[in-house]
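Summary of the model geometry
Each chain, letter by letter, is given below.
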Amino acid sequence: MIRLTELKLPVQLVTDDNKEIELLYQHLNDKYKIKKSDVIELSIFKKAIDARKKHQVIYVYSVDLVCRDEQKILSRKYPNCSIATTPNFNPTITGDLKLKHRPVVIGFGPSGIFASLLLARLGYKPIVLERGLDADTRTKNVEEFWQTGNYNESSTILFGEGGAGTFSDGKLTTLINDFRCHYVLEALHKHGAPKEILYNNKPHVGTDVLKEIIKNIRKEIISLGGEVRFNSFVTDFNIEHNVLKSLVVNHKDVILTDLCLMGIGHSARETFETIYQKGFNIEQKAFSLGVRIEHPQSLINQSQYGDFAQYLEPAAYKLSYQSKTGRSAYSFCMCPGGYVMCATSEEGGVVTNGMSESKRDGDNANAALLVNVLPKDFHSDHPLAGMYFQRAIEQKAFEVAGKNYYAPIQLVGDFLEDRVSTKIGSVKPTYLPGYRFVKLSDILPNYVTDTLREALIDFDHKIKGFAMADAILTGVETRSSSPIRILRDDEGMSNIKGIYPMGEGAGYAGGIMSSAVDGLKQVERLIKVYCS
Ligand SMILES: Cc1cc2nc3c(=O)[nH]c(=O)nc-3n(C[C@H](O)[C@H](O)[C@H](O)COP(=O)(O)OP(=O)(O)OC[C@H]3O[C@@H](n4cnc5c(N)ncnc54)[C@H](O)[C@@H]3O)c2cc1C
């Protein structure tokens, strides 16, 4: 197979899938003298948008060609033509240590889902223990919370089938460059994600589609002999001489196991406390803190794509700013056409995050605006100090906004002047169950609000209107990443033998894709030692 890169098409010409393939054939003929009859099969390997020149926004493709005579094409020595290679992720079991019991996966978020899927596919028949509920029940409970403000601690946006990623934008972008990403995308596609995620450089699924995919993956795990148990909170670890012996579920049921992959996410606060008391090696970790900002999506589209916005999906952005004080601010988890939502996992706390549906057709664009927080800001050496620091800010936000899960909000114009807003302007806040006008400086540390003010002015030069007076700031975004790291040795194990920490909560990933890949990597380590 041959791969040709840097094929460019004007976005306004690409109106549908069939047209796209025909245009690519045409381009091959015009530019490379490769006729359609020379090609047995053409598939898109990568597709990106190049919007640097606002007078002509283009798609840039890499395509794979199965040709009748590959040597003939290769002999022409086009600089952007090579033999296509796509690394295949196909791990094999080399370990010979027989397990006494079935392996257990704690948590059914992206790291747990992909660890258990791979274990199941390799014949290990894992038992998955997830403290939250299945995606359908969870959706009902979460929607009720948004409508009524009645918080249900046993069924939240962060815990349950799919983990923290279920009510998300379903962005599958990642900074890691790992060949295992393709395995994750293939599995998501097999279970219901659109084929475009396989080649778009900014793949996105949306919360509506994601929920269905996760349920389908669960069915595959079960069909291979695995078990997925919801409402199964691992409340204790029985450890003898630093070796795992069994797990306690819901304070009563004991599950014997010699191996456990632990993908508990960044908000598993009770479990963080349990493992700290059990003697796991844990260290503090830097994270970020800030707010969600909402603009009209049309403003972002115009700034990113100009007149070509009409031909393209709602635009995203990514911004960063370095202050002279040494702090940095950046946009994070941008959700085009999305919604800001309450993502608390504790009673008496307010936490924001963002989500979108697959169509991304909401009126607003939202993104987190975050400032880096360092362990020195926690003013304590306790390994869980970052978690307590997050909690204190979330509780402050809850209190200041009226103790009813309403969000504290401020318009950007008022935030820049440090005064309480009095009325909503052209941007309507999407957060449910409601909001209250406050001064965000009453909740967030000064170094956060000061850096955000500087950053907003800077970002306004990069995206015209970014600091528009009516844009909404909703507080507080505290769960951008884990406040701890659970240490692992070279084999991926914690200091407690038999336990493999993984994913975002353990401090080795950030986001759906990197958490999923970390789950896969941990299984690869495990199968080098243990056979099924
Ligand atoms: C609203 C929102 C939107 C997001 N949007 C995106 C996005 O668009 N793209 C992206 O890449 N990332 C996004 N993220 C981040 C992403 O969801 C996380 O990075 C990812 O889910 C982390 O995966 P994980 O498996 O490490 O942990 P989690 O997804 O947090 O899963 C951990 C699971 O473990 C369970 N658990 C915890 N403790 C126990 C216990 N003791 N016993 C049993 N079960 C337990 C929890 O219930 C949870 O289901 C978003 C996050 C949120 C909250």
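This write-up is about the structure you can find in this document. Just so we're clear, the structure is a prediction, and the values are computed from it rather than from any experiment.

Turning next to the site of the ligand. Near the ligand lie 37 residues; those nearest to it are Ser111, Glu130, Ala164, Glu504 and Ile512. Within the backbone of proline 110, one N or O atom sits 3.3 Å away from an oxygen atom of the ligand. One of the side-chain N or O atoms of glutamate 504 is found 2.2 Å from an oxygen atom in the ligand. In isolation the ligand exposes 1000 Å². Once the protein is present, 96% of that is buried. Of all elements in the fold, only α3 (110-121), β18 (352-355) and α12 (512-527) reach the threshold of two or more residues within the shell around the ligand. Among the residues forming the shell around the ligand, the class breakdown is 15 nonpolar, 17 polar and five charged.

The subject of this paragraph is the sheet that holds strand β2 (residues 39-50). Strand order across the open sheet formed by four strands is β2-β3-β1-β4, with antiparallel pairing between neighbours. Each edge of the open sheet carries a strand with a single partner, namely β2 and β4 (81-83). In this sheet, adjacent strand axes meet at a mean angle of 30° when their direction is disregarded. Pairing geometry for strand β1 (residues 2-10) and β4, over three bridges, is antiparallel. Each residue of the ladder has a partner; that of arginine 3, found in β4, is serine 82. Contacts from helix α1 (residues 17-32) reach β1, β2 and β3 (58-67), with the element oriented near 105° to β1.

Time to look at the packing of α3 against helix α6 (residues 207-223). Look at α3 against α6: their axes get within 9 Å of each other, and the N-to-C directions meet at 30°. Considering their axes alone, α3 and α6 lie roughly parallel with respect to each other. As α3 runs across α6, the sense of the crossing is left-handed. Along the contact surface, α3 presents Ile113, Phe114, Ser116, Leu117, Ala120 and Arg121, while α6 presents Ile214, Ile217, Glu220 and Ile221. Taken together, the residues of the contact of α3 with α6 break down into seven nonpolar, one polar and two charged.

Relative to the assigned elements, asparagine 301 resides in helix α8 (residues 297-305). Relative accessible area serves as the criterion here: at 16%, asparagine 301 is assigned to the buried category. Those residues in contact with asparagine 301 that sit more than four places away from it in its chain are Gly306, Ala309, Pro314 and Ala315.

This next bit is on α12. Here α12 spans 23 Å end to end across 16 residues, near enough to the 22 Å set by a 1.5 Å rise per residue. Across the 16 residues that make up α12, a large majority, 14, are buried.

Moving on, we come to the pairing of β18. The side-chain alternation of β18 yields two buried faces, one formed by Thr352 and Gly354 and the other by Asn353 and Met355. Examined bridge by bridge, strand β17 (residues 339-342) and β18 share four bridges and lie antiparallel to one another. Looking at β18, one finds that valine 340 is bridged to glycine 354.

Two elements in contact, α3 and α12, have axes whose closest approach is 7 Å; the angle formed by their N-to-C orientations is 40°. Between α3 and α12, the angle is such that the two are oblique. The handedness of the crossing between α3 and α12 comes out as right-handed. On the side of α3, the interface is formed by Pro110, Ser111, Phe114, Ala115, Leu118 and Leu119, while α12 contributes Ile512, Ser515, Ala516, Gly519, Leu520, Val523 and Leu526. A per-class count over the contact of α3 with α12 returns 10 nonpolar, three polar and no charged.

Turning our eyes to something else, we now look at the sheet that holds strand β9 (residues 234-240). Pairing is antiparallel across the open sheet formed by three strands, whose spatial order is β9-β10-β11. Each edge of the sheet is formed by a strand with only one pairing partner; in this case those strands are β9 and β11 (253-256). Within the sheet, the average angular offset between the axes of one strand and its neighbour, ignoring direction, is 30°. In terms of strand pairing, β9 meets strand β10 (residues 243-249) through six bridges, oriented antiparallel. The residue bridging phenylalanine 237 from the neighbouring strand is leucine 247, located in β10.

Here we come to the side chain of threonine 474. Here threonine 474 is to be found in strand β22 (residues 472-477). Residues in contact with threonine 474, not counting those within four places in the same chain, are Val291, Arg292, Glu294, Val340, Thr352, Ala407, Pro408, Ile409 and Tyr431.

Now for unusual backbone geometry. Between leucine 432 and proline 433 the backbone carries a cis peptide bond, its omega angle lying at 15°. For proline 433, the position within the fold is in the loop between α10 (412-417) and β21 (435-437). Unlike most non-glycine residues, lysine 77 shows phi in positive territory, near 50°. On the basis of relative accessible area, lysine 77 is assigned to the exposed category, the value being 68%.

Turning our eyes to something else, we now look at the packing of aromatic side chains. Counted according to the given criterion, the structure contains 18 aromatic pairs. Judged by centre distance (4.9 Å) and plane angle (80°), the rings of phenylalanine 89 and tyrosine 183 are edge-to-face. Placement of the pair is phenylalanine 89 in the loop between β4 and β5 (97-98) and tyrosine 183 in helix α5 (residues 180-190), with a sequence separation of 94 residues. Like tyrosine 183, phenylalanine 89 is buried. Taken together, Phe145, Tyr151, Phe398 and Tyr405 form an aromatic cluster joined through their ring pairs. Just above the ring of tyrosine 447 sits the side chain of arginine 327; from NZ or CZ to the centre is 3.8 Å.

Take the pattern of salt bridges next. According to the stated counting rule, one finds 35 salt bridges in the structure shown. Between arginine 269 and glutamate 394 there is a salt bridge, with its nearest N and O atoms 3.0 Å apart. With a gap of 125 residues between them, arginine 269 in helix α7 (residues 269-277) and glutamate 394 in helix α9 (residues 385-400) connect regions that are remote in the sequence. When sorted by exposure, arginine 269 lands in the same class as glutamate 394, which is buried. Salt-bridge contacts for glutamate 394 lead to arginine 479; the nearest nitrogen and oxygen are separated by 2.7 Å. Linking glutamate 394 in helix α9 with arginine 479 in the loop between β22 and β23 (484-486), this pair joins segments that are 85 residues apart in sequence.

Rules of the game
- Residues numbered from 1 in each chain as written.
- Predicted model: local features only at pLDDT ≥ 70, side-chain atom pairs only at ≥ 80, totals over all residues.
- Heavy atoms only, no water.
- Near = heavy atom within 4 Å.
- Polar contact = N/O pair within 3.5 Å; in protein donor to acceptor, adjacent residues only side chain to side chain.
- Areas by Shrake-Rupley, 256 points an atom, 1.4 Å probe, with all protein chains shown as cover.
- Helix = DSSP H or I, 4+ residues; strand = E, 2+ residues; numbered from the N terminus.
- Nonpolar A, V, L, I, M, F, W, Y, C, P; charged D, E, K, R; others polar.
- Pairing = 2+ DSSP bridges.
- Axes fitted to C-alpha atoms, helices over the stretch in contact; angles between N-to-C directions.
- Contact = heavy atoms within 4.5 Å.
- Parallel < 35°, antiparallel > 145°, perpendicular 65-115°, else oblique.
- Left-handed = near helix turned anticlockwise from the far one by under 90°.
- Buried < 20%, exposed > 50% of the residue type's maximum accessible area, 1.4 Å probe, protein only.
- Expected span 1.5 Å × (residues − 1).
- Phe/Tyr/Trp six-rings, centres within 6.5 Å; stacked < 30°, edge-to-face > 60°.
- Lys NZ or Arg CZ within 6 Å of the ring centre and 35° of its normal.
- Salt bridge = Lys/Arg side-chain N within 4 Å of Asp/Glu carboxyl O.

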